[in-house]
Each structure stands twice: as structure tokens, then as C-alpha cells.
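# Working through the structure, step by step
Next come the chains, spelled out residue by residue.
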Amino acid sequence: MHLIYVGELEGRAMTYAQEEPGVLTRVLRLAETLVMLAAIAEEQVAWCRRHGWCEDELALDFDWARGWVVWSVDEQFPGLLSPRFHDLLERVDDRLAMMSGEVNAAKWTPSGLATDPDWVDVRCLARQALAEITGLVRIPSPEEWESRYPYEWMAAAKSWGMKGAALQDLTMALPYLPAEVIDQLARLVCLAVRREHRCEDVRYAVLARAIGGVRLRPLLAGPADDPIEIFRLRARYLLWLLDHPDLPKPKKSQWMAWLKDQGKY
């Protein structure tokens, strides 16, 4: 059975839409990640295959959107996102955190998406979270995303420019962010270390340096010994950056030079 959530802009949502149209675009972006967490396994796998994602990027995408959208919306429009919605997002995040790590790799396979009991909880929580915001935005089913919003979806799903800009904004705003948001960003950096693609690596490195070693070093200890070489190298590069705060701003050439020093390039 396919998921179809229906709601229209009304009441206070219309007021926010008139005052600041971008706020609802951001809420829709977060809703988009929840739709894919709530979808049945076949829809999740099909989505990942179409866009060249690994299955664990469903969690990475949610973590990124949650950290950016919730903070920015709450900052501009306190109260728009309900306490229950915040609680449900926290519960989704906690459940996904319990499913992370090499020991849980099987959960992030097509078979795991279809059969692992933890996914029953994730889908249930994601559906409840979507129900909380159907009065703010209309939430299409997974099949509707690309047909109803082809240009917006292409920009969000196939281009990392939007994410790169958001990572830059979050890095600049870091001194003003609450501790819980910074903790989420630290986890996001560690998730990025173990992703397959390499888009926006430099932005993550800049963000990691801004977050600092107190939060990140304990989280990077595991990835630094990962059996998969590229994950291990990324984590060790970030630890090296944290150990050398006097170095210039991270850029691709710095990463390549570091790899060469490790005999890997």
C-alpha cells in the first residue's frame, strides 16, 4: 500500500507563506526526507537506485535536513513546528542512531529495508511526524515527488549545490547555535565520513573544524579504524585537521596532499 499524505496550506501556514515563502520550502524539504523514511521498502530501494544513493543516505539526508531546517525555521518562526513534531523528529533520529555503524550494515540493504523490524518503528514514527505538518504543506506520495515538482526535486535530489550552501550557512552560524544542534551536526559529519559519494567533502571538512575536536574526536575514533579504506582515510584526515588548527582553510588540494603523504596518491 502506497503512502499518500494530503494537506493544504491554511490558517497560520498561509500567513507564514505570505510573510516568508522560503520557510515552507524548507519544511517541505524536511518532509521530503520523512516521506522516504516512511515509504515501503520497494519505494525506498527504487528511489535510491534512480538517484545513485546508497540506502544509508536516507538517514544522512534526514539528519542534514533536520539539523538545517528545524534550526532555521524555529529561529525565524518560533512555534510554527509543534512540540510534538520536535519530539517525533528526536525519536526518529534516536532510532536511526541505534541502527548506525558497521554492525548494523545489513539493515541498510534492500533486504534489510524490507525485513528488519527496526524499520517498522522508523516508518511508524516518520508517518506520525508527517501527520503533524500536513496542515503546513501538502505532502505527496513518493511517486508524486518527481512528477509534481520536477525542477524542485531535481535541484534537491540531483544537485548538491543547495546542500553545500546550507553547510556553509551552518558553519558561519555555529557560534550562535544551541548545543543540541551542534551535536546533530557533529553526527552528520561522521555520517558523511561513511557515505559512498564524495560531494561537498570540503564543506564537511570546514564544518568539522568549526565544530572542534571536543565533540568530534570521540565520534571519529571508530571511523578512523574502519575496515573500508576510504572511510578510514576521511576520518583520519579530519582528525589531522583538528590537530592542526593553524592550517589554512580546508580545500581539495589540501586533502590530495594529505593523501599523498599517506602514500595513497
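Look above for the structure.
Residues numbered from 1 in each chain as written. Predicted model: local features only at pLDDT ≥ 70, side-chain atom pairs only at ≥ 80, totals over all residues. Heavy atoms only, no water.

### So, the packing of helix α13 (residues 213-220) against helix α14 (residues 229-243)
- Axis separation between α13 and α14 bottoms out at 10 Å; the angle between their running directions is 155°. Here α13 lies roughly antiparallel to α14, going by the angle between them. Seen along the crossing, α13 lies across α14 with a hand that is left-handed. Counted together, Gly213, Leu216, Arg217 and Leu220 of α13 and Ala235, Leu238, Leu239, Leu242 and Asp243 of α14 form the full contact between these two elements.
- Taken together, the residues that form the contact of α13 with α14 break down as six nonpolar, one polar and two charged. (Axes fitted to C-alpha atoms, helices over the stretch in contact; angles between N-to-C directions. Helix = DSSP H or I, 4+ residues; strand = E, 2+ residues; numbered from the N terminus. Parallel < 35°, antiparallel > 145°, perpendicular 65-115°, else oblique. Left-handed = near helix turned anticlockwise from the far one by under 90°. Contact = heavy atoms within 4.5 Å. Nonpolar A, V, L, I, M, F, W, Y, C, P; charged D, E, K, R; others polar.)

### Some words on the packing of aromatic side chains
- Counted under the stated rule, the structure contains six aromatic pairs.
- Relative to Trp53, the ring of Trp47 lies with its centre 6.1 Å away and its plane at 80°, an arrangement referred to as edge-to-face.
- According to the relative accessible area criterion, Trp53 is buried, its value standing at 10%.
- Ring geometry for Trp255 versus Trp258: centroids 5.9 Å apart, planes at 15°, classification stacked. Taken together, the positions of Trp255 and Trp258, both in helix α15 (residues 252-261) and three residues apart, correspond to about one turn of that helix. (Phe/Tyr/Trp six-rings, centres within 6.5 Å; stacked < 30°, edge-to-face > 60°. Buried < 20%, exposed > 50% of the residue type's maximum accessible area, 1.4 Å probe, protein only.)

### Observations regarding helix α5 (residues 83-98)
- With 16 residues, α5 ought to run about 22 Å at 1.5 Å a step, and its terminal C-alpha atoms sit 23 Å apart, in line with that.
- Those residues of α5 lying buried are Phe85, Leu88, Leu89, Val92, Asp93 and Leu96. For α5, the arc enclosing every buried residue in end-on projection is 140°, short of the 170-degree limit, so these residues lie on one face. Exposed and facing more than 90 degrees away from the buried side of α5 are Pro83 and Met98. (Expected span 1.5 Å × (residues − 1). Arc of directions from axis to C-beta.)

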